[in-house]
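Letter by letter, the chains look like this.
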Amino acid sequence: MSQITPKSAQSGPSEKLRKVWGKGPININGAIIDGYVLDDGMPILTKTKMMSALDRKWRGTSRSDRPNFIGAKNLQPFVRQELDELLGGVEFYDGKKLVSGYDAKILPYICRVYREADRAGVLTSNQKQTAQKCEILADAFSIVGITALIYEQLGFERIKNPAAYRILVESYMEPEIRKWAKEFPDEFFFQ
């Protein structure tokens, strides 16, 4: 197992920490998580809400040197190098406050661990609920992923049509929230 340290600690004191370009609450299947985009474009989810994203309750401490949400002994054989590298996290400044988070790519990798462990039949009864949540998240990520891939490949994001971004963002909103979207200018959706 690898030693997990923040990227800022790995790079040494001379490297400047990244800063926030944008931030706001992200709704991930009903869990509200603080989301950020750093000035280099990296999407971030805060460390403190990762258990919420997976619909897991805090139960004691991790059984390994990995964070609690992936620290159970029965999950360790399913943790791949890509996930291990992301577990170090990212530190950045939000104004003058230092914040710790994870590259948002971490969530699909965590879902893969739970799904593979479930298929192998090694999950405990309380981990099964997380595996089910991960199935739902993986489906949602694939839908968003194919949309983003097509948009990128066809250059749609270069059109910069705020009304189109509004339609895209609204398509992912719950119907009761969607009615309030008209209260915001198109520029909000583009950003």
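Here's a quick rundown of the structure. (Residues numbered from 1 in each chain as written. Predicted model: local features only at pLDDT ≥ 70, side-chain atom pairs only at ≥ 80, totals over all residues. Heavy atoms only, no water.)

## Describing the pattern of salt bridges
- Per the counting criterion, the structure on display carries 7 salt bridges.
- Between Asp40 and Arg18 there is a salt bridge whose closest N-O contact spans 2.8 Å. Of this pair, Asp40 sits in the loop between strand 2 (31-38) and strand 3 (43-46) while Arg18 sits in strand 1 (residues 18-28), and the two are 22 residues apart along the sequence.
- With a closest N to O distance of 3.3 Å, Arg115 and Glu135 form a salt bridge. One end of the pair, Arg115, is in helix 4 (residues 106-119); the other, Glu135, is in helix 5 (residues 125-153), and 20 residues separate them in sequence. (Salt bridge = Lys/Arg side-chain N within 4 Å of Asp/Glu carboxyl O. Helix = DSSP H or I, 4+ residues; strand = E, 2+ residues; numbered from the N terminus.)

## A short note on empty space enclosed by the protein
- Inspection of every chain in the model, using the stated rule, returns 1 cavity of 30 Å³ or more.
- Roughly 40 Å³ of volume is contained in the largest cavity.
- Counting residues per element, the lining of the largest cavity draws most heavily on helix 4, which supplies 3 residues.
- Residue composition of the lining of the largest cavity, grouped by class: 5 nonpolar, no polar and 2 charged. (1 Å grid on protein atoms, 1.4 Å probe; cavity = no way out; pocket = protein on both sides within 12 Å on 5 of 7 lines; lining within 4 Å. Points joined across faces, edges and corners; volume = space filled by probe spheres on them. Nonpolar A, V, L, I, M, F, W, Y, C, P; charged D, E, K, R; others polar.)

## Quick notes on the pairing of strand 1
- As defined by bridge partners, strand 1 adjoins strand 4 (residues 90-94) across 2 bridges and the pair is classed as parallel. In the sheet register, Lys19 faces strand 4, and the bridge partner there is Tyr93.
- Bridge analysis of strand 1 against strand 2 gives 8 bridges, and the strand direction is antiparallel. Note on strand 2: the bridge partner recorded for Asn27 is Ile32.
- Taking the residues between adjacent antiparallel strands as the criterion, strand 1 and strand 2 are bridged by 2 residues, where Asn29 takes a positive phi near 55°. (Pairing = 2+ DSSP bridges.)

## What about helix 5?
- Here helix 5 spans 42 Å end to end across 29 residues, near enough to the 42 Å set by a 1.5 Å rise per residue.
- Taken residue by residue, helix 5 has Gln127, Thr130, Ala131, Lys133, Cys134, Leu137, Ala138 and Thr147 as its buried positions.
- Of the residues one or two after helix 5, Gly155 is the one with positive phi, at around 75°. (Expected span 1.5 Å × (residues − 1). Buried < 20%, exposed > 50% of the residue type's maximum accessible area, 1.4 Å probe, protein only.)

Nothing here speaks to function; it is geometry throughout.
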